[in-house]
Amino acid sequence: MSARISFLKNPDPCNHLSDYKLRYGTDGYKSFNNLFRCFNDARIKIKLQGIDIPRCSYCSVYQKRLYICLICRSISCSSHILLHTQLNKGHDIAIDVERSELYCCACIDQVYDSEFDEVVVSKQLFGLGMSVKSGADVVAVRSNKKRRLDSQLIIGSNFLVSPRDRREKWTFPLGLRGLNNLGSTCFMNAVLQALVHAPPLRNFWLSGQHNRDLCPRRTMGLLCLPCDLDVIFSAMFSGDRTPYSPAHLLYSWWQHSTNLATYEQQDSHEFFISLLDRIHENEGKSKCLYQDNEECQCITHKAFSGLLRSDVTCTTCGSTSTTYDPFIDISLTLDSMNGFSPADCRKNRYSGGPSVNAIMPTLSGCLDFFTRSEKLGPDQKLNCQSCGEKRESSKQMSIRRLPLLLCLHVKRFEHSLTRKTSRKIDSYLQYPFRLNMSPYLSSSIIGKRFGNRIFAFDGEGEYDSSSSSSPSAEFEIFAVVTHKGMLESGHYVTYLRLKGLWYRCDDAWINEVEEEVVRGCECYMLFYAQETVIQKAHKELSYQVISMADAFPFADC
Amino acid sequence: MKHSVNRPPTPDEDDVADGFEKDKVTLREIINVKLVESGEKENLMELVRDRLVECGWKDEMRIACREHVKKKGRKDVTVDELIRVITPKGRASVPDSVKAELLNRIQNFIVSAAL
């Protein structure tokens, strides 16, 4: 690699270029300074005053590659540039009009000169609203108009790394740091970005509640994922903005889940589940004093775990058996048909919303579909306890207890066992930034089954009697993991919402984006947090100061 | 002059343009002037550039260039030669959908400019 870079840095100048520079120095380049015109995609063209469409001075053609002579500024097309050199001795070096690159007419080849590039790029930086020298002093002005700076960054000498880009990142909230892709690991980076900015997790690790220096597992020489996350949290909030490589976490995760230890692309939802499971295992063992409690006290379960209620009703006798299952995320079915789920249509008609909504799948439609009463097919007959026979039955899910952080997973990857095929559903799903979960709580669902009555059903009433108005059912979004591309190959990008602004985390690159961009994305995992959690996080304007009370906000849940 | 003679003519434009007198302003040129003046040409260029990246055409060309450079040896290749070798391949492999979209955009532009 280093050999290649040095090759790029010092290509031998041809004799003609050396001659030119010996005679004119860089003055010739500088005289072109006011002719360079920048475009927002970082290209630079040459624009002569009073000429809209440059033409070859010999054949007045305008479609071909055109070159402007560095000495006499006449324009020639690729067919006549040689003629120009032969007619005018010493007019060897020219600039490509469309690309602002040096061309030696005598060698018939592109030539490179760092001093020329310097003139062009300083013009480019200037065109983007900054001067090279005063770059560090200029007050950061956040422009919503994002420009592509890639081409400059690729060139990559110290001088060329755009000061604007760097400065903008400094004004980003602390903790925003790019993560390098370690070879198809965007699935991991996407999830890590969301987890690192989940307020309870952030507070847990930053307040040193799992300190890698004190961890008993680590001192015993065992692998410990929470320790690796501690390293990541330290790195992310260190204030350093250069992209970070979470290599040790990847390695550690591989050690824990050997079947997933490949450089292949993985599903970020699977990674999320597997990571939380491993943390739970590591954490749970070190905190065995909570074992008599029925609920796990590990950080992942305190943050993500909720309780699902599932009621199976016998369609013959009407008796219901209820089971409760903990969950750390809810997987929602996304299909064209559940966009039209009856509940959804009814809701739209009721609210008189625009008819477009009826066609577009919405998150509330998916949640309605998730909590609908579902008739189990004749092949899934269950043993009814009161009838004592196998009967057809219906099943309904509802949420008994909401978690602090709600992770909703949209099933975009569909695997059909019968057809043995997989496909990706890439239809758009509309989702709100504020989500009220009270319609999906057990109290509401069970209540609906009995009609509009005010009394406690099946013990749901006293558990969360005030749930319909309780603020704990109000959720706010804080991260969205999106998937672009196809089933086999695609790319995960995370959008984070910090202090009301949205940031796009695409591996190593982080930039601020408009709300519309986030609304229009192909969401795959949605991370919501209880409103109170977000508000609390919002108040901690500077992330550095976290009191112990804030660090442990779930003492009351 | 030798080198310039060796170059294949850039397809179609020349053939069409040569049919007319050099001074005469052709319809093609009028459209081009309008496109440039309105700034639509920049938009179209950007559109085509994006489409060609999306459909993998750019990667394909990059690979073709790399192969050619490898074959000839790094020191013995000039940009002009690359252009000469790759251009026919490149023009031939632009997907029809991209061409159709561009044509459609130009047609729309002409219609709106004529109104």
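Rules used throughout
- Residues numbered from 1 in each chain as written.
- Chains lettered and ligands numbered in written order.
- Predicted model: local features only at pLDDT ≥ 70, side-chain atom pairs only at ≥ 80, totals over all residues.
- Heavy atoms only, no water.
- Helix = DSSP H or I, 4+ residues; strand = E, 2+ residues; numbered from the N terminus.
- Buried < 20%, exposed > 50% of the residue type's maximum accessible area, 1.4 Å probe, protein only.
- Contact = heavy atoms within 4.5 Å.
- Areas by Shrake-Rupley, 256 points an atom, 1.4 Å probe, with all protein chains shown as cover.
- UniProt positions renumbered as here; feature names shortened; annotations may be inferred.
- Pairing = 2+ DSSP bridges.
- Salt bridge = Lys/Arg side-chain N within 4 Å of Asp/Glu carboxyl O.
- Phe/Tyr/Trp six-rings, centres within 6.5 Å; stacked < 30°, edge-to-face > 60°.
- Lys NZ or Arg CZ within 6 Å of the ring centre and 35° of its normal.

Visitor: I tried to follow the overall build of chain A on my own but got confused; where do I start?
Guide: A tally of helices and strands in chain A yields 22 helices and 23 strands. Counting over 557 residues, chain A shows a buried share of 48%. For chain A, the share of sequence-separated contacts (at least 6 apart) that also reach a separation of at least 24 residues comes to 66%. For chain A, the computed accessible surface area is about 27,500 Å², with 53% contributed by carbon and sulfur atoms.

Visitor: Explanation requested: the UniProt feature "active site" in chain A in the structure shown.
Guide: Residues and elements named next belong to chain A. When the UniProt feature table is mapped onto this chain, "active site" is found at Cys186 and His491. A maximum C-alpha distance of 6.6 Å places the annotated residues, which cover 306 residues in sequence, within one compact spot. As for its position among the elements, cysteine 186 is in helix 8 (residues 186-196). When sequence neighbours within four positions are dropped, the list of residues in contact with cysteine 186 reads Asn181, Gly490, His491, Tyr492 and Asp507. Residue placement: histidine 491 occurs in strand 20 (residues 490-498). Residue contacts for histidine 491: discarding those within four places in its chain leaves Cys186, Thr482, His483, Lys484, Asp506 and Asp507.

Visitor: I'm lost on the sheet that holds strand 7 (residues 109-110) of chain A in this one. Help?
Guide: Across a sheet, strands are paired by hydrogen bonds formed along the backbone, either parallel or antiparallel in direction. Residue and element names in this part refer to chain A. Taken in spatial order, the 5 strands of this open sheet run 4-3-5-6-7, and their pairing is antiparallel. This sheet does not close on itself; its edge strands, each paired only once, are strand 4 (75-77) and strand 7. Examined bridge by bridge, strand 5 (residues 93-96) and strand 6 (residues 102-104) share 3 bridges and lie antiparallel to one another. Bridged to isoleucine 95 within strand 6 is leucine 102.

Visitor: Would you mind showing me how to read the pattern of salt bridges here?
Guide: Pairing between side chains becomes possible if they bear opposite charge and their charged atoms approach one another. A complete count under the given rule lists 24 salt bridges over all chains for this structure. Between Arg278(A) and Glu281(A) there is a salt bridge whose closest N-O contact spans 3.4 Å. Taken as a pair, Arg278(A) and Glu281(A) lie in helix 13 (residues 268-286) at a separation of 3 residues, close to a single helical turn. In this structure Glu281(A) comes out as partly exposed when scored by relative accessible area, which is 36%. Close ionic contact of Lys72(B) with Glu81(B) constitutes a salt bridge, the shortest N to O distance being 3.5 Å. Each of Arg434(A), Glu474(A), Glu476(A), Arg497(A) and Glu531(A) takes part in a single network of salt bridges with overlapping partners.

Visitor: Any chance you could explain the packing of aromatic side chains here in plain terms?
Guide: Aromatic rings in a pair are described by how distant their centres are and how their planes are angled relative to each other. Residues and elements named next belong to chain A. Tallying each qualifying case throughout the model produces 19 aromatic pairs over all chains. Considering the side-chain rings of tyrosine 20 and tyrosine 24, the 5.0 Å spacing of their centres and the 35° angle between planes classify their relative orientation as tilted. Here tyrosine 20 pairs with tyrosine 24, and both are found in helix 2 (residues 15-24), just 4 residues apart, close to one helical turn. For tyrosine 24, a relative accessible area of 35% gives the class partly exposed. Relative to tyrosine 524, the ring of phenylalanine 413 lies with its centre 5.3 Å away and its plane at 70°, an arrangement referred to as edge-to-face. A residue pair is termed long-range when its members are at least 10 positions apart, and phenylalanine 413 in strand 16 (residues 413-416) and tyrosine 524 in strand 23 (residues 523-530) qualify at 111 residues. Taken individually, phenylalanine 413 and tyrosine 524 each receive the classification buried, so the pair is uniform in this respect. A cation over an aromatic ring shows up here: arginine 73 above the ring of phenylalanine 32, its NZ or CZ 4.7 Å from the ring centre. Seen from the ring of phenylalanine 369, arginine 372 lies directly overhead, with NZ or CZ sitting 3.9 Å from the centre.

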